[in-house]
Amino acid sequence: MALTTVRPEGMGFNTGRRNLIINGAMQVAQRGTSSTAANYETVDRFQNSRSTDGGVTQSQTDLTSGSPYDEGFRHVYRQTMSTASSTPDAGHYLAALQLIEASTVATSGWNYTSDSSYLTVSFWVKSSVAGTYVFQFRTNDGTAQAYTFEYTLVADTWKKVTHSIPGNSNITINNDNGRGLELYWWVYLGTNYDDSSHTNEVWEAYSGSSQSKPFAQNWMTTANATFDVTGVQLEVGENASDFEHRSFGEELALCQRYFFAEPQTRAYHATLNGFFASTTMFIGLKHLPVPMRAGPSLSITGNFAAAGTANKTTSSETITNAIGDDLTSIEIRGTVSSATAGEGANFRNDNDATATFHLDAEL
């Protein structure tokens, strides 16, 4: 007689790589754990999208208790209204955002042009300000389409939100390395962007002036208001499954396709090796841990030097090209002084453990 295994209710099978979201447990923060700047600054793959009014801090914050903690989550992506606005103007907005590469969506198995094929998003969310919040999907290729839904939060109380969306014949997603699907957790939208006649839970052509109904909460006018999200999963199908926990190493490698930070763990940390092509030119090659999405841009802060030469400034370091089609290495060239042509050298921080060496290929 064949053995039949009965799966207890609520126990899901981990089929691997269900989650189209990268870093949904907010584990990786290569750039740092707190910033008052907008865009990508803390938790990898998540960015702070906001108007230029300032007053918001984004951070990777530790979880110590609560329902998400009990399910294995130890970090959240947090927005904090550090400087409240008593009268936000019509152009103010704030969202947490992840951009998903088009090829990831196109090859996911979601038949995005069919209204009988679904994606399901699930996430844990909490705000210190009670009220109604808005989540938005947005496509980028062809004629941009958008789909929004609302959810209501009780102040300082975690809620797990789950929502399924069908495909639509108007959706276009290219199989390339551009933006495919954009996910917005809208915390606030000014009146330039909301519309009382906006329709939720349908796909429609994206309109910047009709992204949601008017907001039914006062997050931006509340000093020290917080908005936390973690446990983000986006998967093909009409039902949410248990969160696909991945190791820190797996998530880090996925994040490094879009951003790579060479850890400066100590003074004189060697970032790459190279040689002096002349008495005034250093050439070095950096092999990357994973292929990057596109040719990256280089950002250097602090003091770096090629061994045995004078300090070099960030303005003298440039990426001249990506070596090979696989984007697994980059070449840098920099001006030096009094070098010996032909000698090998390493490129390192010059007794500056706070220096940074960043490669950016974000969407």
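All values reported here derive from a predicted model rather than from experimental measurement. (Residues numbered from 1 in each chain as written. Predicted model: local features only at pLDDT ≥ 70, side-chain atom pairs only at ≥ 80, totals over all residues. Heavy atoms only, no water.)

Some thoughts on the nonpolar core
Worth spelling out the cut-off: Side-chain atoms within 4.5 Å are what join buried Ala, Val, Leu, Ile, Met, Phe, Trp, Tyr and Cys residues into a set we call a nonpolar core. Type-normalised accessible area, obtained with a 1.4 Å probe on protein chains alone, sets the label of each residue: buried when under 20%, exposed when over 50%, and partly exposed for intermediate values. Contacts between residues were defined by any pair of non-hydrogen atoms, one from each residue, lying within 4.5 Å.
Phe123, Phe137, Tyr151, Trp185, Trp219 and Leu234 are the most contacted members of the largest nonpolar core, which has 44 residues in total. Non-local contacts of Phe137, meaning those with residues more than four positions away in its chain, are made with Val121, Gln145, Ala146, Tyr147, Phe149, Ile165, Leu181, Glu182, Leu183, Trp203 and Leu234. Of all hydrophobic cores here, the second largest spans 19 residues; its members include Phe260, Ala306, Ile332 and Leu359.

Overview of the side chain of Ser210
Rules: Note on conventions: DSSP H or I runs of at least 4 residues are helices, E runs of at least 2 residues are strands, and numbering of each starts at the N terminus.
Assignment of secondary structure puts Ser210 in the loop between β11 (204-205) and β12 (225-236). Accessibility expressed as a relative area gives 15% for Ser210, which makes it buried. Setting aside chain neighbours within four positions, we find Ser210 in contact with Tyr193, Asp195 and His198.

A few points about the sheet that holds strand β13 (residues 259-261)
Filter applied, for reference: Any two strands with at least two DSSP bridges between them are considered paired. To get an axis, fit a line to the C-alpha atoms, keeping to the stretch in contact for a helix; angles then go from 0 to 180 degrees between the N-to-C directions.
Strand order across the open sheet formed by three strands is β13-β21-β16, with antiparallel pairing between neighbours. Of all strands in the sheet, those bounded by a partner on one side alone are β13 and β16 (297-301). When strand polarity is set aside, the average angle formed by the axes of neighbouring strands in this sheet is 15°.

Overview of the packing of aromatic side chains
The cut-off we apply is this: Between rings of Phe, Tyr and Trp, where Trp is taken as its six-membered ring, a pair exists when centres lie within 6.5 Å; planes separated by under 30 degrees are stacked, by over 60 edge-to-face, and by other angles tilted.
Following the criterion strictly, the structure yields 24 aromatic pairs and no others. Their ring planes at 85° and their centres at 5.5 Å tell us that Tyr93 and Tyr193 sit as a pair that is edge-to-face. Of the two residues, Tyr93 sits in strand β5 (residues 93-101) while Tyr193 sits in the loop between β10 (179-189) and β11, which places them 100 residues apart along the sequence. Among the residues examined, Tyr93 registers a relative accessible area of 23% and is labelled partly exposed.

Details of the environment of Gly274
Turning to its location among the elements, Gly274 is positioned in strand β14 (residues 270-276). Sequence separation of Gly274 and Leu285 is eleven residues, and the distance between their C-alpha atoms is 6.2 Å. Here Gly274 is in contact with Phe282, Ile283, Gly284, Gly344 and Ala345, once residues within four sequence places are set aside.

A few points about the sheet that holds strand β8 (residues 145-153)
Judged by pairing direction, the sheet is antiparallel, and its six strands sit side by side in the order β2-β5-β10-β7-β8-β11 without closing on themselves. Across the chains shown, the open sheet's two edge strands, defined by having one partner strand only, are β2 (47-50) and β11. For β8 and β11, the ladder comprises two bridges, and the chain directions are antiparallel. In the sheet register, Ala146 faces β11, and the bridge partner there is Glu204.

Quick look at the confidence of the model for the chain
As a reminder of what qualifies: A score from 0 to 100, pLDDT tells how confident the predictor is in each residue.
Confidence along the chain averages 89 in pLDDT terms, with 90% of residues attaining 70 or more. Scored below 50 in pLDDT, residues 1-14 makes seven contacts in the model with residues more than four places away or belonging to other chains.

Description of the pattern of salt bridges
Spelled out, the test is: Basic side-chain nitrogens of Lys or Arg form a salt bridge, by our definition, when they fall within 4 Å of a carboxyl oxygen of Asp or Glu.
Evaluation of the coordinates by the stated rule reveals eleven salt bridges. Two residues, Asp228 and Arg78, come together in a salt bridge whose shortest N-O distance is 2.7 Å. Taken together, the residues span a long stretch of sequence, with Asp228 in strand β12 and Arg78 in strand β4 (residues 75-81) at a distance of 150 residues. You can call Asp228 buried: its relative accessible area is 1%. Relative accessible area serves as the criterion here: at 22%, Arg78 is assigned to the partly exposed category. Between Glu182 and Arg138 there is a salt bridge whose closest N-O contact spans 3.8 Å. A residue pair is termed long-range when its members are at least 10 positions apart, and Glu182 in strand β10 and Arg138 in strand β7 (residues 131-139) qualify at 44 residues. Judged on exposure class, the residue Glu182 and its partner Arg138 are both buried. Overlapping salt bridges, with partners in common, bring together Arg31, Arg45 and Glu362 in one network.

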